[in-house]
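Chain and residue survey
Each chain is listed here by its residues.
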Amino acid sequence: MLTFDEDLELDSLPADIYKELIYELNQDSGWRILGLYVSKELGCFGNEQIWIREFEQNKFANNQTPAEKLLFELRIKMCTVGVLSSLLEDCGLLKALSVLSSPEPLIITQQPNENLTSDEIKVTMGQKVKIICKAVGMPPPNYLWYHGNIPLTDHTTEELNFKITNFNEEGEYKCKAYQICRDESFRNEIYSESIFLKIKPIPVVIEEQPQPTLYVKEGDKLLLNCKVNNHSKARFQWFRDNTKLDDQTSQILSISNFNGKDEGKYYCYVFNQISEVYTQRSYVMVDLPRQKTVAKIALLIANEDYQYHTKLSTPKADVARIAEILEGIGFTVICLINLTLIEMRNAISIFSEALVDGVYGLFYFAGHGFKMQESYMLPIDAPEVYLRNNAICESQLLSVVLKNDPALFVTILDVCQTVPSKEVNPEIHKEIPLVNEYKGGKNLRNLIQAYSTSSHRPSYERSGNECGVYAKHLSKFLDMDIPINKVFEEVGKSIDTWLKGKARNQIPMVSSTITKPFRLTDSTSGNKPPSAFIKISQLIAFPEKVIDISFEKCEIKGKILVSPFMKPYLNIVRIRLLNSDNYDVNFYNSVPAEKNSLYQNLKTKECWVHNPQFIKGPLVICLLKNGVPIGAALFDFMNYIPLLLKHLQ
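The structure contained in this document is the topic of the report that follows. (Residues numbered from 1 in each chain as written. Predicted model: local features only at pLDDT ≥ 70, side-chain atom pairs only at ≥ 80, totals over all residues. Heavy atoms only, no water.)

**Quick word on the packing of aromatic side chains**
- By the definition in use, this model includes 12 aromatic pairs.
- With a centroid separation of 5.2 Å and 5° between ring planes, the pair formed by Phe239 and Tyr267 is classed as stacked. Of this pair, Phe239 sits in strand β15 (residues 235–240) while Tyr267 sits in strand β18 (residues 264–271); the two residues are 28 residues apart in sequence, bridging distant segments of the chain.
- By relative accessible area, which is 15% here, Phe239 ends up buried.
- Taking relative accessible area as the criterion, Tyr267 reaches 6% and is therefore assigned buried.
- Between the aromatic rings of Phe370 and Tyr376, the centroid separation amounts to 4.7 Å while the plane-to-plane angle is 5°, which identifies the pairing as stacked. Across the pair, Tyr376 and Phe370 agree in class, each one buried.
- Three or more aromatic residues link up through ring pairs in this structure, and these residues are Phe239, Tyr267, Tyr269, Phe271 and Tyr278.
- A cation sits over an aromatic face here: Arg290 above Tyr215, 6.0 Å from the ring centre.
- Above the face of the Tyr451 ring, Lys371 is positioned so that its terminal group lies 5.8 Å from the ring centre. (Phe/Tyr/Trp six-rings, centres within 6.5 Å; stacked < 30°, edge-to-face > 60°. Helix = DSSP H or I, 4+ residues; strand = E, 2+ residues; numbered from the N terminus. Buried < 20%, exposed > 50% of the residue type's maximum accessible area, 1.4 Å probe, protein only. Lys NZ or Arg CZ within 6 Å of the ring centre and 35° of its normal.)

This is the structure:
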């Protein structure tokens, strides 16, 4: 209700009222809102933009304020208090209107929960929230929103707008509408009804895993952290070796006075109302002194193309995977494929020369094998009905490689451990085995003997799998920075878990005389490697080489590239003729071989030779033009293959 008569002219308003009205219109450019409305909606002052600019440039007498000039113009137009009041209400200039109006009590006209079926709103993280509370009264209401009992000083309008970014934003929201008189005194207040925000849980996401490997000094505190997304309302349960730790139910696992009984694999089960997840395993061990080695070397043999026995499909890939891992942790690796009995014996003999004091050695064999008192490895030329003398037994291997007392030696036999059938192979059961003694000056300490399966059990390949069962699981742990004993413990557990519930179990075995915490990841000392190690490094060197060749009959010169055909194997050599785009090429043995080991690809103009040390004489490289030979040259490639291969014969 107006305080003054609606028909009262503006210049008849009391001076203090008129002055206060001008003050309110000058606040926040209220005069501009009123002026544009009057000019645009009522068409009173022509072009509203030009008119407004005149106000802003203060071109009026006596330095009148824009609001004074506007009221003066409205007075000229015979504007009354009633008309002005209507204009102010239309423009939403309620503070200016309150100058002309009597006080009116506060009334909430729109509650925050209006049009809702309940006073609870379920929202998701990241969602934008808009809550409205409207009130009327005179003086016009001010607004202040509350979260619980905490005032939100940045939210002072009838609309509460914000984005959900934290679970702390859950809870009760309400609005206080209050009146402030023109003299700044407090008049009245009223609270809206409450509305409650409920944030829906989101799936747990692990943002930071516990360390995969951790060493803790005995007596120190173990701390493992599992960091998850902040908005998942996650709960935690820690485990060690699949045993629940009832007192470890927070984000950080803490164990004081860590010792050997606390070693193991730790992981955390994290869950909320809608999801669950497990962290990666953290292998935690007592921090023992680190060992150092003068050098690390490995001999890896893959036998799969047997002449008289079932061909295997995975040894080549098994050895290649193991070789890559060993090279990654600093081993010098010798990889050979499809060796005969003589070649296996010679390879082991050459390898053993590098296994001197301070050296770590590793031997891995993937192929056919059998068990008779001890484990045997079959070469590819083993006869169909074989004797023990046709194979390499483990004691024979150890008697050779341990003679110079390496600091650590690991032998891994990825073979079957079944006994040959008496019906199929009766003679082997009558054979008197040779006894191979193996001694070392260190009484055979620091020796690991690992087997892909236990006695009388087979070792499996899986159809369609690139690698065999044992190599697949061994490769998971071989480069872990954990003691070597624990590597093979983990391999056994991994295979056992993988085969759980299956009838044909493969059960790995390991035997150890380790007395120190050796790791395959141990670093090498800065000293120069032993001369025996340097010598074998020279024997296995196989850099790519480009050699000039001349086809004298047709006066054509070319170049030959000699390189490994299939890394990491040393005994398959690739020979490619370069710069021969206009010709076809054929490769021949100059001396016929008993068993073909020369293969060629006419499209790429290359050949590859398996076990080239058995090739007698140079290769013949023949050039053809339109299918007609035009020239040939002899290429003695034996000068360019690794020296080691010449010693395998």
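**A short note on the packing of helix α7 (residues 315–328) against helix α11 (residues 469–477)**
- Interaxial distance between α7 and α11 falls to 10 Å at its minimum, and their mutual angle equals 10°. Overall, the two elements α7 and α11 adopt an arrangement that is roughly parallel. For the pair formed by α7 and α11, the contact residues are Asp318, Arg321, Ile322 and Ile325 on the first element and Ala471, Lys472, Leu474 and Ser475 on the second.
- Split by residue class, the contact of α7 with α11 holds four nonpolar, one polar and three charged. (Axes fitted to C-alpha atoms, helices over the stretch in contact; angles between N-to-C directions. Parallel < 35°, antiparallel > 145°, perpendicular 65-115°, else oblique. Contact = heavy atoms within 4.5 Å. Nonpolar A, V, L, I, M, F, W, Y, C, P; charged D, E, K, R; others polar.)

**Looking at the side chain of Asn113**
- Among the structural elements, Asn113 can be located in the loop between β1 (104–110) and β2 (120–123).
- Not counting the four nearest positions on each side in its chain, Asn113 is found in contact with Ser118, Asp119, Glu193, Ser194 and Ile195.

**A few points about the sheet that holds strand β24 (residues 369–372)**
- Taken together, the three strands give an open sheet; going across it, the order is β24-β25-β26, and neighbouring strands pair in antiparallel fashion. With one partner strand each, in any of the chains shown, β24 and β26 (392–393) form the two edges of the open sheet.
- With four bridges connecting them, β24 and strand β25 (residues 374–377) associate as antiparallel partners. Looking at β25, one finds that Met372 is bridged to Glu374. (Pairing = 2+ DSSP bridges.)

**Considerations on helix α4 (residues 66–76)**
- Turning to α4, its buried residues are Pro66, Ala67, Lys69, Leu70, Leu71, Glu73 and Leu74.
- The positive-phi residue at the C-terminal boundary of α4 is Met78, with phi of around 65°.

**Brief notes about the packing of α11 against helix α12 (residues 484–498)**
- Look at α11 against α12: their axes get within 9 Å of each other, and the N-to-C directions meet at 130°. One finds that α11 runs oblique with respect to α12. Here the hand of the crossing between α11 and α12 comes out right-handed. Residue-level contacts link Val469, Tyr470, Lys472, His473, Leu474, Lys476 and Phe477 of α11 to Val487, Phe488, Glu490, Val491, Ser494, Ile495 and Trp498 of α12.
- Across the contact of α11 with α12, the residue classes tally to nine nonpolar, two polar and three charged. (Left-handed = near helix turned anticlockwise from the far one by under 90°.)

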